[in-house]
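Working through the structure, step by step
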Amino acid sequence: ATCVKTLPDNKIMIAGYYSSPAGNQPFAIRLLPNGEIDEGYAENGVYYDDMIGMRVNDIGLYGDEDSYGIVLAGSDVTGYPQMIMVDPHGYLEADFNATGILKYEAHEGYFSDIIIDNENNNLYACIFLSGNMGAIAKYNLPGGSPDILFADGGIVSTESLAALELTIHGIVLEKDSGVLA
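All chains use their own residue numbering, which begins from 1 and follows the written sequence. Selection of residues for local features in this predicted model requires a pLDDT of at least 70, selection of side-chain atom pairs for listing and counting requires 80 or more, and totals for whole chains, interfaces and linings are taken over all residues. Excluded from the side-chain calculation are hydrogens and water; included are all heavy atoms of the structure.

A separate point is the overall build of the protein. When helices and strands are counted, the protein shows zero helices and 14 strands. Written out in order from the N terminus, the α and β elements of the protein read β-β-β-β-β-β-β-β-β-β-β-β-β-β. The cut-offs for exposure are 20% and 50% of the maximum accessible area for each residue type, with area from a 1.4 Å probe on protein chains only; residues under the lower value are buried, those over the upper are exposed, and the others partly exposed. Here the protein holds 181 residues, and 44% of them are scored as buried. For the protein, restricting intrachain contacts to residue pairs at least 6 apart in sequence, the fraction spanning at least 24 positions comes to 42%. Helix and strand definitions follow DSSP, with helices as H or I runs of at least four residues and strands as E runs of at least two, each counted in order from the N terminus. Whether two residues are in contact is decided by their heavy atoms: any pair within 4.5 Å suffices.

Shown next as structure tokens:
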């Protein structure tokens, strides 16, 4: 496991990836507050997908106290940033980028940190890019389309500031002043 979140109902979500002959595959396990596996989630409490190659770095929550899903963020098996959205029942959320999977194919790297705003309207993603660069992307929810009104088509990159050798590994959403990386 690579990440853990406490859920609004005090359940616990653990996520990460496992190795298989096809490469790294994502998983998420939902635990009850007492630490037992929540058998009512996905397949006996465990979401996994051996068809989606992925290394998971972070987990985000969307929805409300009564119905919430997760976003798993990291990279695909070829080294490009990738996110998947899993619905409250433990299945891919088809409304997210039409397949449940969102890839950033402009540059190799990985999604290192994600935040979903309190209104569940936007997902902010920190992207570590190969070549020691970084970016912050803003996606509209639930569809997963880039917010074209944010920076340059939904993404701001340190590539234009490469002489400063900046990297971005984390993101904080400030209520009054916007995004801090």
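Next comes the rest of the write-up.
It is worth spelling out unusual backbone geometry at this point. Following Leu141, the chain continues into Pro142 via a peptide bond in cis, with omega recorded as 10°. Along the chain, the position of Pro142 falls in the loop between strand E11 (133–140) and strand E12 (155–157). Notably, Ala42 is not glycine yet its phi reads approximately 50°, a positive angle. Residue placement: Ala42 occurs in the loop between strand E3 (23–31) and strand E4 (46–48). Ala42 sits in the buried class, given a relative accessible area of 15%. Positioned with a positive phi, Asn44 is a non-glycine residue whose angle comes to about 55°.

Two strands form a pair only when DSSP identifies at least two bridges running between them. In spatial order, the strands read E5-E6-E7-E8; together these four strands make up an open sheet with antiparallel pairing. Bordering the open sheet on either side are strand E5 (54–63) and strand E8 (101–103), each of which pairs with just one other strand. In this sheet, adjacent strand axes meet at a mean angle of 20° when their direction is disregarded. Examined bridge by bridge, strand E7 (residues 81–86) and E8 share three bridges and lie antiparallel to one another. In the sheet register, Ile84 faces E8, and the bridge partner there is Ile101. The convention used is that axes are lines fitted to C-alpha atoms, helices contributing only their stretch in contact, and that angles between N-to-C directions extend from 0 to 180 degrees.

Overall, antiparallel pairing links the four strands, which are arranged E1-E2-E3-E4 in an open sheet. What marks the edges here is a single partner per strand, and that holds for strand E1 (3–6) and E4. Strand-to-strand, the axes of this sheet are offset by a mean angle of 20°, without reference to chain direction. Sheet analysis places E1 next to strand E2 (residues 12–20), joined by four bridges and oriented antiparallel. Counted as the bridge partner of Cys3 is Ala15 from E2.

It is worth spelling out the pairing of strand E9 (residues 109–116) at this point. Taking burial as the measure, the eight residues of E9 include six buried ones, the bulk of the element. Inspection of the sheet shows E9 paired to strand E10 (residues 122–129) by seven bridges, in the antiparallel sense. Considered in E10, the bridge of Gly109 is made with Leu129. Connecting the antiparallel pair E9 and E10 is a turn made up of five residues, with Asn120 showing a positive phi of about 60°.

One finds Val71, Met83, Phe111, Leu123, Ile127 and Tyr139 to be the most contacted residues of the largest nonpolar core, which totals 21 residues. Those elements giving two or more residues to this core turn out to be strand E6 (68–76), E7, E9, E10 and E11. The contacts of Phe111, once residues within four sequence positions are left out, are Asn57, Ala73, Gly74, Pro81, Gln82, Met83, Leu102, Tyr104, Ala125, Cys126, Ile127 and Tyr139. Within the second largest apolar cluster, 17 residues are counted, among which are Leu7, Met13, Tyr41 and Ile52. What is meant by a nonpolar core is a set of buried Ala, Val, Leu, Ile, Met, Phe, Trp, Tyr and Cys residues, joined one to another through side-chain atoms within 4.5 Å.

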